[in-house]
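One letter stands for each residue in the lines below.
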Amino acid sequence: MTAARSPLTLHQFAMRFSSTPRGVRLARRLCGHRLDAWGVPYGSDAHDVVTLVAAELYANAVRHGHVAGRDFHVLLTADPATGTVRIEVSDTRGERLPRLPATPPEDGDGGRGLLLVEALADRWGCSPRAGGGPGKTVWAECAAPLLT
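**Q** Before we go on, may I ask you to explain the environment of Thr20 in this structure?
**A** Along the chain, the position of Thr20 falls in the loop between strand 1 (11-17) and helix 1 (21-37). With 42 residues separating them in the primary sequence, Thr20 and Val62 have C-alpha atoms 6.1 Å apart.

**Q** For this particular structure, what's the right way to read the side chain of Thr84?
**A** On the secondary structure map, Thr84 appears in strand 3 (residues 84-91). Residue classification places Thr84 among the buried residues on the basis of a relative accessible area of 18%. Polar side-chain contacts of Thr84 include one of 3.3 Å to the backbone oxygen of Thr82. Ignoring anything within four residues of it in the chain, the contact list for Thr84 reads Thr77, Ala78, Asp79, Glu141, Cys142, Ala144 and Leu147.

**Q** So what exactly am I meant to see when it comes to the sheet that holds strand 4 (residues 123-128) here?
**A** Through backbone hydrogen bonds, the strands of a sheet pair up, either in parallel or in antiparallel fashion. Strand order in the open sheet made by the five strands is 1-2-3-5-4, with antiparallel pairing throughout. Every other strand in the sheet has two partners, leaving strand 1 and strand 4 as the edge strands with one partner each. Here the strands of the sheet are splayed against their neighbours by 15° on average, with no regard to which way each runs. Bridging between strand 1 and strand 2 (residues 72-79) involves seven bridges; their strand directions are antiparallel. Paired with Gln12 across the bridge in strand 2 is Thr77. Sheet strands in contact with helix 1 are strand 1, strand 2 and strand 3, and its direction is about 170° off that of strand 1.

**Q** Where do I start with the pattern of salt bridges in this structure?
**A** A side chain of one charge can pair with a side chain of the opposite charge when the charged atoms of the two come close. Applying the stated rule across the entire model yields five salt bridges. Across the pair Glu141 and Arg86 runs a salt bridge, and its minimum N-O distance is 2.7 Å. With Glu141 in strand 5 (residues 136-143) and Arg86 in strand 3, this residue pair connects regions lying 55 residues apart in the sequence. The partly exposed category is assigned to Arg86, whose relative accessible area is 24%. Across the salt bridge formed by Glu141 and Arg123, the nearest N and O atoms sit 2.7 Å from each other. On the criterion of sequence distance, the pair formed by Glu141 in strand 5 and Arg123 in strand 4 is long-range, its members being 18 residues apart. Classification of Arg123 as partly exposed rests on a relative accessible area of 44%.

Thresholds applied
- Residues numbered from 1 in each chain as written.
- Predicted model: local features only at pLDDT ≥ 70, side-chain atom pairs only at ≥ 80, totals over all residues.
- Heavy atoms only, no water.
- Helix = DSSP H or I, 4+ residues; strand = E, 2+ residues; numbered from the N terminus.
- Buried < 20%, exposed > 50% of the residue type's maximum accessible area, 1.4 Å probe, protein only.
- Polar contact = N/O pair within 3.5 Å; in protein donor to acceptor, adjacent residues only side chain to side chain.
- Contact = heavy atoms within 4.5 Å.
- Pairing = 2+ DSSP bridges.
- Axes fitted to C-alpha atoms, helices over the stretch in contact; angles between N-to-C directions.
- Salt bridge = Lys/Arg side-chain N within 4 Å of Asp/Glu carboxyl O.

Okay, structure coming up:
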């Protein structure tokens, strides 16, 4: 007897980006493109939420995880069976772990990124970087029921 396989395919996209604002912009654009290709169309609520959460994680990797000469790594995984997209962003600064601010910042200096991630993502967290390399991976999972 053989087990029936699901006709739904797990989608993955992985790439390294320069740890610069330009790298963040490119990562966000490619994330949006991949989501659309995987069945989460531009302009849908799910697309907008996942893209915003991803952009915040990318920006944090550059702002708080930057090490000169080192890139940040992105892994997007979309699972149609669960209707979930997982965003993983790895950088080389393992000693700078993300944490929510005790109170929302009042000035224009930033600090709201993780508050947005907390509000929009279904789950998020941080773990040591896989493969034994230096750094950390910050991840978030978001519902995306439109996946095909």
